[in-house]
There are 2 protein chains.
Amino acid sequence: MARNASLSGFPEWLPEERLVEQHVLDTLRRTFELHGFSSIETRAVETVGQLLRKGEIDKEVYGLSRLQDDDGNAATATKDDPNALALHFDLTVPFARYVVENAGYLSFPFRRYQIQKVWRGERPQEGRAREFTQADIDVVADGVLPFRYDVELALVIAEALSALPIPAFKLRINNRKLAEGFYRGIGLTDTAGVLRSIDKLEKIGAQKVAELLKTELGASDEQAAKALALASIRTEDTSFVEKVRALGVSDELMEEGLNELEQVIAAAVKSAPGSVVADLSIARGLDYYTGTVYETVLVGHEQLGSICSGGRYDALASKGNRKFPGVGLSIGVTRLVARILSQEFAKASRNVPTAVLVTLVDEDSWSEAQDVAAALRARGISTEVAAKADKFGKQIKYADKRGIPYVWFTDDDGAHQVKDIRSGEQVAADPSSWMPPAADLTPQITLA
Amino acid sequence: MARNASLSGFPEWLPEERLVEQHVLDTLRRTFELHGFSSIETRAVETVGQLLRKGEIDKEVYGLSRLQDDDGNAATATKDDPNALALHFDLTVPFARYVVENAGYLSFPFRRYQIQKVWRGERPQEGRAREFTQADIDVVADGVLPFRYDVELALVIAEALSALPIPAFKLRINNRKLAEGFYRGIGLTDTAGVLRSIDKLEKIGAQKVAELLKTELGASDEQAAKALALASIRTEDTSFVEKVRALGVSDELMEEGLNELEQVIAAAVKSAPGSVVADLSIARGLDYYTGTVYETVLVGHEQLGSICSGGRYDALASKGNRKFPGVGLSIGVTRLVARILSQEFAKASRNVPTAVLVTLVDEDSWSEAQDVAAALRARGISTEVAAKADKFGKQIKYADKRGIPYVWFTDDDGAHQVKDIRSGEQVAADPSSWMPPAADLTPQITLA
């Protein structure tokens, strides 16, 4: 289905593709609810003042204005008017506002999931749309949020991703305290600067990063070598701890970070072996986050970018003296679904919800056919009734064209038969008890 | 929960309110899928040219523009630029575009449901928000759509509304052909003009409507009286047919409309007795529609306006010579949910999805507690694990505060007990087989 979106950056799915997306969304919702996360939605619209509070990506924000004001003029939303309206570009900023506004009504630690569309006026490209769906989970506390939630969220997200129809993934985890403490321990105190350089590792290679560290941050050969040595550590178990210690750096914050990352990795590896890696090169996001940092790639599709990222904030939001620390992750649903569809990782077993078409023997039988359909629906069997008493061949053809597996016949004497139009098998059946095999009850999403 | 939205016209729900909304959305989705409707979503964004194709409500459309273009200037969306982007104000216009764009990939008659947010920059008031959710179903054909779908959609929507936690509703049905034919039969050919006057019946009364018909449309006393006589007919069965005939008007189109409305009412009354009425005063929407017209009020809440409206279009969309006739209805989900919440028609049995909190006997037991939780979740039981080994009293208090009904204990010897903290009853339990009563498995939406 390599159709192009009719508006670049605004993908739309065909019904059979939407079934795959629904399966992804239903699976995420189910996993999140099984772990006690409550659903919320926030409005799509925020004030410009709220959205740009942290001075972010204003070029990517879609402002909103009525096409015509009461005098018939077009209004303009600008970044200089904090009360102007704009579409949210993520679900974190709106969630922070929601927590502050409703703090008196929420029970903390507040566990929520939120699955909604967001908009960014960026240049569309593979894996990057202008309108896309995110699925976020966060736990936020009023005051102090125990570290253990960092461990728990890794387990929840590994379980959620494992349940999706996608190839193997790697959940890469790092810790801001570990990195900052280590750099401080070797005498590099401009953490943000070091992270910016380390972030270029994949693009420009180790030698050029070393040069950057020396020319831009005044690092010595030894400091640059140690920073690069740290970033080279990747382990699928807790052996990273020994590898870091072997670099001979000592720092209190680093120890705290080592201990935290060890706990997250130990629990996550136990829960999702082979899918979790301690990756000390991860720099992205460390600017915003204050402890654990997560990002996720699909194995063999690393160029797609991260499909699920997040981390710990010391203050997701604040209200006067109150601080609301949080830890959370965001899954890029549209990015994932687009890849599942384009690579045909999975597809729906049929295109429509309908399992049974009830045929008409003549025009007058429509009302009885509705009774048959109602009896089937009462047991969860999706059923349509033919709209016209065409020849049976034509009614069967309609079912076949739509991908409906069963056709129901009721003769003049009220005897019922049901036919599997794939096998041709036809049997007597009772509308009050007949059930299709479980695999035919609803469209199944099957892995390729 | 009489909280005010922090942005007027953009309502947001608390987690326990969102549970009610989710129940409404899940119920609609389930009903629509049981009747063979496929889910689709269209992008929130359309071009201004597409949205204003029929010259509609441009003041209510939110234009979209990046806050800053590449030169740093704010862009403005205006109604004069057909390529400018704007948010959709309903789901019908986007669906018509989707059908035309994807006609080659769809199987007709195409049955779809679509549940999404829409935006209108109107003055917010009770029952009228700027951002709100609609749930639409439509059947659309390529060429000819049999009339029977008008009957079927009345049944589907009556079943969907009957399944919601709302008070009694009245599905009012009329037919454009009946009205137009009747007016023509008494010599009034400006159908739109007559409908505009009849539409004011509830507001200004019969006498003033008669005056309007006479002064503005040149109707005689007798014509005005007959037009009003038609509009006064309301029956909860098919007896409206005789009442219309008793007015002594004869017209071919009227007969066609009478016959159609009779079929719709007969089937709908059988399926949802007491909830369906043939109401020949319904004028609203007759301008757009070409046959059957539906609207719905909550009994005792008529001033809220219609919660579900729709009808038959001869051409929902067209593509060259091809016409796509359709029939469909749209439910105002946000309007309904806001009323359910404000009137407390229904509420959730608890605030969180969580059924069980697994407590910690000491800090080291967290990993085993995760195993207990995983065993419970494997059977669909939403479970949280305590984040800290606080005193049991404090852990139980946490569960109580969040509304979690069960608390799980595992002692040092690995013996398990589960306590219903509402009754205080505590029993031995096996994590691999224990189940809560069905009513406690997930939050139930209970009618007040």
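Rules and cut-offs
Residues numbered from 1 in each chain as written. Chains lettered and ligands numbered in written order. Predicted model: local features only at pLDDT ≥ 70, side-chain atom pairs only at ≥ 80, totals over all residues. Heavy atoms only, no water. Helix = DSSP H or I, 4+ residues; strand = E, 2+ residues; numbered from the N terminus. Buried < 20%, exposed > 50% of the residue type's maximum accessible area, 1.4 Å probe, protein only. Contact = heavy atoms within 4.5 Å. Areas by Shrake-Rupley, 256 points an atom, 1.4 Å probe, with all protein chains shown as cover. 1 Å grid on protein atoms, 1.4 Å probe; cavity = no way out; pocket = protein on both sides within 12 Å on 5 of 7 lines; lining within 4 Å. Points joined across faces, edges and corners; volume = space filled by probe spheres on them. Nonpolar A, V, L, I, M, F, W, Y, C, P; charged D, E, K, R; others polar. Pairing = 2+ DSSP bridges. Axes fitted to C-alpha atoms, helices over the stretch in contact; angles between N-to-C directions. Least-squares fit on C-alpha atoms with pLDDT ≥ 70 in both. UniProt positions renumbered as here; feature names shortened; annotations may be inferred. Polar contact = N/O pair within 3.5 Å; in protein donor to acceptor, adjacent residues only side chain to side chain. Phe/Tyr/Trp six-rings, centres within 6.5 Å; stacked < 30°, edge-to-face > 60°. Lys NZ or Arg CZ within 6 Å of the ring centre and 35° of its normal. Buried area = accessible area lost by both parts, 1.4 Å probe. Salt bridge = Lys/Arg side-chain N within 4 Å of Asp/Glu carboxyl O. Patch = residues over 30% accessible without salt bridge, like charges linked within 9 Å, V, L, I, M, F, W, Y side chains within 5 Å. Lys, Arg positive; Asp, Glu negative; His and termini not counted. Charge placed at Lys NZ, Arg CZ, Asp CG, Glu CD. Expected span 1.5 Å × (residues − 1).

A. Broad picture of the overall build of chain A. The secondary structure content of chain A amounts to 14 helices and 19 strands. If one aligns the C-alpha atoms of chain A with their principal axes, the spans along those axes are about 95 × 65 × 45 Å. Split into buried and exposed, the 448 residues of chain A put 58% on the buried side. The long-range fraction of contacts in chain A, counting pairs at least 24 apart against all pairs at least 6 apart in sequence, stands at 68%. For chain A, the computed accessible surface area is about 18,200 Å², with 47% contributed by carbon and sulfur atoms.

B. Seen up close, empty space enclosed by the protein. Under the definition given, this model contains three cavities of 30 Å³ or more. The computed volume of the largest cavity comes to approximately 840 Å³. Lining the largest cavity are 37 residues, and of these E41(A), I115(A), R18(B), E41(B) and I115(B) sit closest to its centre. Breaking the lining of the largest cavity down by element, the ones donating at least two residues are α1 (15-34), β5 (110-119) and β6 (131-140) of chain A together with α1 (15-34) and β5 (110-119) of chain B. In terms of residue class, the lining of the largest cavity is built from twelve nonpolar, twelve polar and 13 charged. Size it by volume and the second largest cavity reaches roughly 160 Å³. Considering the residues around the second largest cavity, the lining is formed by 14 residues, among which P11(A), W13(A), E21(A), K117(A) and E41(B) are closest to the centre. Contributions of two or more residues to the lining of the second largest cavity are made by α1 and β6 of chain A. With three residues, β6(A) is the largest single contributor of residues to the lining of the second largest cavity. Looking at the lining of the second largest cavity residue by residue, the classes come out as four nonpolar, three polar and seven charged.

C. A look at the sheet that holds strand β7 (residues 169-175) of chain B. Residue and element names in this part refer to chain B. Read across the sheet, nine strands follow the order β1-β5-β6-β12-β11-β10-β7-β9-β8 without closing on themselves; strand pairing throughout is mixed. The open sheet has two edge strands, β1 (38-39) and β8 (234-235), and neither has a second partner. Where β7 and strand β10 (residues 292-298) come together, seven bridges link them in antiparallel fashion. Among the inter-strand pairings, N174 is bridged to a residue of β10, identified as V293. Its contacts with the sheet put helix α12 (residues 333-342) on β6 (131-140), β10 and β12 (322-332), and the angle it makes with β12 is roughly 10 degrees.

D. Layout of the relation of the copies chain B and chain A. Once chain B has been moved 0.0 Å along the axis and rotated by 180 degrees, it coincides with chain A to within an RMSD of 0.1 Å. Such values leave the two copies arranged in the relation of a two-fold axis. Looking at chain B, 100% of its interface residues are interface residues in chain A too, so the copies touch through the same face.

E. Just the UniProt feature "binding site: L-histidine" (unreviewed entry) in chain A, in detail. Residues and elements named next belong to chain A. In the numbering used here, UniProt assigns the feature "binding site: L-histidine" (unreviewed entry) to D90, L91, T92, R120, Q134, D138, R284, Y288 and Y289. Summarising the element assignment, L91 is placed in the loop between β4 (85-87) and α3 (92-102). Residue class for L91 comes out buried when judged on its relative accessible area of 0%. Not counting chain neighbours up to four residues away, the residues in contact with L91 comprise R112, Q114, Q116, V118, Q134 and D136. Mapped onto the fold, Y289 is located in the loop between β9 (276-279) and β10 (292-298).

F. Expanded view of the side chain of Q116(B). Tracing the sequence through the fold places Q116(B) in strand β5. A polar contact of 2.8 Å, which involves the side chain of Q116(B), links it to the backbone oxygen of T42(B). For Q116(B), the contacting residues outside a window of four places in its chain are K117(A), I40(B), E41(B), T42(B), H88(B), L91(B), F132(B), T133(B) and Q134(B).

G. Highlighting the pairing of strand β7 (residues 169-175) of chain A. Residue and element names in this part refer to chain A. Burial of β7 is extensive: six of the seven residues sit out of reach of the surface. One ladder, built from three bridges, connects β7 with β9; its direction is parallel. Bridge assignment links I173 to a residue of β9, and that residue is A278.

H. Quick peek at the packing of aromatic side chains. All names here are of chain A. Summed over the entire model, instances satisfying the criterion amount to 17 aromatic pairs over all chains. Taken together, a centroid distance of 6.2 Å and an interplanar angle of 80 degrees make the contact between F182 and Y183 edge-to-face. For the pair F182 and Y183, a shared accessibility class is recorded, and that class is buried. Through a chain of ring-to-ring contacts, the aromatic side chains of Y406, W408 and W434 assemble into a single cluster. Across from the ring centre of Y406, 5.4 Å away, lies the NZ or CZ of R422, which sits over that ring.

I. Expanded view of the interface of chain B and chain A. Contacts between the two partners involve 97 residues from chain B, matched on the other side by 97 residues from chain A. With both chains or domains summed, chain B and chain A bury close to 8,300 Å², and 52% of this area falls on carbon and sulfur atoms. At the surface where chain B touches chain A, the tally comes to 14 salt bridges. Across the pair K270(A) and D371(B) runs a salt bridge whose closest N-O atoms are separated by 3.4 Å.

J. Structural detail: a negative patch on the surface. Side chains of D362(A), D364(A), E368(A), D411(A), D412(A) and D413(A) sit close together on the surface and give a patch of like negative charge. In this structure D364(A) comes out as exposed when scored by relative accessible area, which is 69%.

K. Seen up close, helix α11 (residues 252-271) of chain B. Residues and elements named next belong to chain B. Helix length check: α11, at 20 residues, gives a terminal C-alpha distance of 29 Å against a target of 28 Å (1.5 Å per residue), a fit within 8%. Buried within α11 we find M254, G257, L258, E260, L261, V264, I265, A267 and A268. The N-cap of α11, judged by a side-chain oxygen 2.8 Å from the amide nitrogen of L253 a few residues on, is D251.

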